[in-house]
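# Observations on the three-dimensional arrangement
Each chain, written out:
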Amino acid sequence: MTRATSAAPSPQEAGGLQAPPAVGEQLSKLRERRNWSLESLSQRAGVSKSMLSQIERGQANPTVAVVWRLANALGVPLLELLEPGNVQNAQPKVLVVPAAQTPTLRTSDELGELQILGPIETAGHFEWYQLQMKPGGGLISQPHEPGTKEHFTVLSGSFEVSAGTVSTKVSVGETARYPADVAHSIRNIGRTAGSGLLVVMHPD
């Protein structure tokens, strides 16, 4: 198993190479700006409290994967943690994400795939995905935080959307809007593969 972090090298250990970005100070500023404790950020990012403390004190340098999780939890661009002074200058006017670099998730039954279309900085507030699902597949979800809503638009195929004890069929071109703070699901009830756009809106 790959270690999530490594001790910060000394100039001698670095052998004259440029040291990795020190994200600790910026991480601390962003956390305190939100009035979050280390424990709160730990739970949101899935990074241990002790590791966060080491990162903030400059005693450990996180991997890109860990920085991504922290940026995601904080709702900021990755670059804001790595190079906070260069965020505005470094952002292009039009940012194109190659199809091969679009993150994807698999449903628990392995019959569906979610492409994550939303940027990191809106995660936890506003998210959207493209769902591809084989016949019989389902995206089964536990309740999200109170006030969360979802919107599912069918692009192809035939689906059934359930929220709590209510279920309804949704066809091509139709959009289902439903509360997501109860158990909910999206199922492909057709005979062919189907697809749709899923938008998740979290409460302010």
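Here, every reference points to the structure presented above.
Spatial ordering of the open sheet is given by β3-β4-β5-β12-β7-β10, a layout of six strands whose pairing is antiparallel. Here the strands that pair on one side only, and so sit at the sheet edges, are β3 (104-106) and β10 (175-179). Across the sheet, the axes of successive neighbouring strands diverge by a mean angle of 25°, strand direction being ignored. Here three bridges tie β3 to strand β4 (residues 112-116), and the two strands are oriented antiparallel to one another. Looking at β4, one finds that R106 is bridged to E113.

Below, the discussion takes up unusual backbone geometry. Unusually for a residue other than glycine, N35 sits at a positive phi of about 60°. You can see N35 is positioned in the loop between α2 (24-33) and α3 (38-45). Backbone geometry at E110 places phi at a positive 65°, although glycine is not the residue there. The topology assignment puts E110 in the loop between β3 and β4.

For a regular strand, side chains alternate in direction, first toward one face of the sheet and then toward the other. Side-chain alternation along β10 places A176 and Y178 on a buried face and T175, R177 and P179 on a face that remains uncovered. Note: strand β7 (residues 149-156) against β10, five bridges, orientation antiparallel. Each bridged residue has a counterpart across the sheet, and for F152 the counterpart in β10 is A176.

Attention now goes to the sheet that holds strand β6 (residues 138-141). With antiparallel pairing, the four strands of this open sheet are ordered in space as β6-β11-β8-β9. Strands at the two margins of the open sheet, each flanked by one partner only, are β6 and β9 (166-170). On average, each strand axis in the sheet is tilted by 15° relative to the strand beside it, whichever way the strands run. Both strand β8 (residues 159-163) and β9 contribute to a ladder of five bridges, which runs antiparallel. Paired with V161 across the two strands is T168, which belongs to β9.

It is worth spelling out the side chain of T107 at this point. Note that T107 resides in the loop between β3 and β4. Residue classification places T107 among the buried residues on the basis of a relative accessible area of 4%. Reaching out from T107, the side chain makes a polar contact with the backbone nitrogen of G112 at a distance of 2.9 Å. Residues in contact with T107, not counting those within four places in the same chain, are G112, G138 and L139.

What counts, and where the lines are drawn
- Residues numbered from 1 in each chain as written.
- Predicted model: local features only at pLDDT ≥ 70, side-chain atom pairs only at ≥ 80, totals over all residues.
- Heavy atoms only, no water.
- Pairing = 2+ DSSP bridges.
- Helix = DSSP H or I, 4+ residues; strand = E, 2+ residues; numbered from the N terminus.
- Axes fitted to C-alpha atoms, helices over the stretch in contact; angles between N-to-C directions.
- Buried < 20%, exposed > 50% of the residue type's maximum accessible area, 1.4 Å probe, protein only.
- Polar contact = N/O pair within 3.5 Å; in protein donor to acceptor, adjacent residues only side chain to side chain.
- Contact = heavy atoms within 4.5 Å.

Purely geometric numbers; function is a separate question.
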